[in-house]
Structure formats: C-alpha cells, structure tokens
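Here is what each chain is made of, one letter per residue.
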Protein chains: 2
Amino acid sequence: MRARVLIRPKEGILDPQGQAVERALPALGFDGVANVHVGRMVELDVDDVSRVGEMCERLLANPLIEEYEILVVER
Amino acid sequence: MRARVLIRPKEGILDPQGQAVERALPALGFDGVANVHVGRMVELDVDDVSRVGEMCERLLANPLIEEYEILVVER
C-alpha cells in the first residue's frame, strides 16, 4: 500500500520558507497569492499503514512543531 | 482556491533523504517499508489556479531534477 505523509508547520509556528515564497511570487508577476505554507512530503510503500502514524511521531515529523496528515494513495 | 503542490525528485534522480528514511525505519522496528521518497509540499491560496504550473516552473520546483503535481484542495 502506498502512503503519502504531508508534514507542515503547526498553526502559529513560524514558516520562513512559506514567507519567502509568498514574498517572491509577486516579484515574479504572480499576484493574488496568499497563505503560502511550505512543508514536506514523504511517500512510502508499507505493509501496514496503521503504523505510519507511529513512524511520523518517531522519525518523519517533529510533533512539537509540525502536524502531519496520512493519505493512502491509489495506484 | 487552495492549491497543493507536491514536488518530488524525478525518477532516476538521487533521493538521499528518502534513502536515509528507508534505512532508519527498520532500525526503529518498522519493517515492511520500501520505495521511500521525500519531497516538498507547498500549499497556497490562489485567485487563478491555472498559473500554479508556471509558479512551479519559475520558483517552486527545479524542473531539471524535480517533478511536480498540482492538486486543488477542498475546504
């Protein structure tokens, strides 16, 4: 089973990459952009998708400052 | 409209972060994991989602070594 984990800064945690992108886009002529957030994505084949949350807690994310979302990807 | 951009190394391009995660997981007791890839995610509010591809080409991704996927997120 293919799992996709989306990891992003928690609400209220600084997101300097997102801020940098949000400032750079208008300078390149892209207007009408807001609320930009940059996070990570991990995709992996797993035998047991029920363990992916634990993988996030222990390795993939930093639960203090990041939230994660686990999706199962159709193939 | 909320857009989500998933950016990952192109097929055949080295993915050292993915390799590192793939090696670390069994050491933590997580078996049955394969094909791990680590990429980036950018989420943004846009007035015109048809321009997000151009944003990827010019700023968000490196089209030489990365592929990107644009999703529209329901809210």
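Look a little higher up for the structure.
Right, let's walk through the structure included here. (Residues numbered from 1 in each chain as written. Chains lettered and ligands numbered in written order. Predicted model: local features only at pLDDT ≥ 70, side-chain atom pairs only at ≥ 80, totals over all residues. Heavy atoms only, no water.)

**Considerations on the overall build of chain A**
What counts is decided by this rule: Each helix corresponds to a stretch of at least 4 residues labelled H or I by DSSP, and each strand to a stretch of at least 2 residues labelled E; elements are numbered beginning at the N terminus. It is over C-alpha atoms that the radius of gyration is taken, and the globule rule equals 2.2 Å times the number of residues to the power 0.38. When accessible area is computed with a 1.4 Å probe and restricted to protein chains, residues below 20% of their type maximum are described as buried, those above 50% as exposed, and intermediate ones as partly exposed. In this description, contact between two residues means that some pair of their heavy atoms is separated by no more than 4.5 Å. Using a 1.4 Å probe, accessible areas were evaluated by the Shrake-Rupley method; residue-level cover was limited to the displayed protein chains. Charged residues are defined narrowly, with Lys and Arg counted positive, Asp and Glu counted negative, and His plus the chain ends left uncounted. Charged side chains are reduced to one point each, which is NZ for Lys, CZ for Arg, CG for Asp and CD for Glu.
For chain A, the count of helices and strands is 2 helices and 3 strands. Starting at the N terminus and walking to the C terminus, you meet the elements of chain A as β-α-β-α-β. Taking 75 residues into account, the globule formula puts the C-alpha radius of gyration at 11 Å, and chain A, at 15 Å, lies well above it. Taking all 75 residues of chain A together, the buried fraction comes to 37%. Taking the intrachain contacts of chain A between residues at least 6 apart in sequence as the baseline, contacts between residues at least 24 apart amount to 70%. Counting only carbon and sulfur atoms, one obtains 51% of the accessible surface of chain A, whose full area is about 4200 Å². Considering chain A, the positive charge centre built from 9 side chains and the negative charge centre built from 14 side chains are found 4 Å apart.

**Things to note about the pairing of strand β1 (residues 2-9) of chain A**
Residues and elements named next belong to chain A. Put simply, the rule is: Two strands pair if DSSP finds at least two bridges between them.
Among the 8 residues of β1, 7 are classified as buried, and the element is accordingly described as predominantly covered. Bridge analysis of β1 against strand β2 (residues 33-46) gives 6 bridges, and the strand direction is antiparallel. Note that in β2 the partner of Ala3 across the bridge is Leu44. Alignment of β1 against strand β3 (residues 66-73), held across 8 bridges, turns out to be antiparallel. Residue pairing in the sheet places Arg8 in a bridge with Glu67 of β3.

**Looking at helix α1 (residues 16-27) of chain A**
Going by this rule: Between the first and last residue of a helix there are one fewer steps than residues, each counted as 1.5 Å, and that sum is the expected span. By construction, the arc corresponds to the directions joining the helix axis to the C-beta atoms.
For α1 of chain A, which comprises 12 residues, the first-to-last C-alpha distance of 17 Å matches the rise-based estimate of 16 Å (1.5 Å per residue) to within 8%. Turning to α1 of chain A, its buried residues number three or more, namely Gly18, Val21 and Leu25 of chain A. The buried residues of α1 of chain A occupy an angular sector of 60° when projected down its axis, which confines them to one face. More than 90 degrees from the buried face of α1 of chain A, the exposed residues found are Pro16, Arg23 and Ala27 of chain A. Buried residues in α1 of chain A make contact with β2 of chain A together with β2 (33-46) and α2 (52-60) of chain B.

**Regarding the relation of the copies chain B and chain A**
Which entries qualify depends on this criterion: C-alpha atoms of residues with pLDDT of at least 70 in both copies form the basis for the least-squares superposition of the copies.
When chain B is fitted to chain A, the residual RMSD is 0.0 Å, and the transformation amounts to a turn of 180° plus an axial shift of 0.0 Å. Such a turn and shift between the copies fits a two-fold axis. In terms of proximity to the rotation axis, the leading residue of chain B is Arg40 of chain B, whose C-alpha is 2.1 Å off the axis. Looking at the interface residues of chain B, 100% of them are also at the interface in chain A, so both copies use one shared face.

**Overview of unusual backbone geometry**
Residue and element names in this part refer to chain A. In this structure, Asn35 takes a positive phi of about 50° despite not being glycine. Mapped onto the fold, Asn35 is located in strand β2. Since its relative accessible area comes to 43%, Asn35 is described here as partly exposed.

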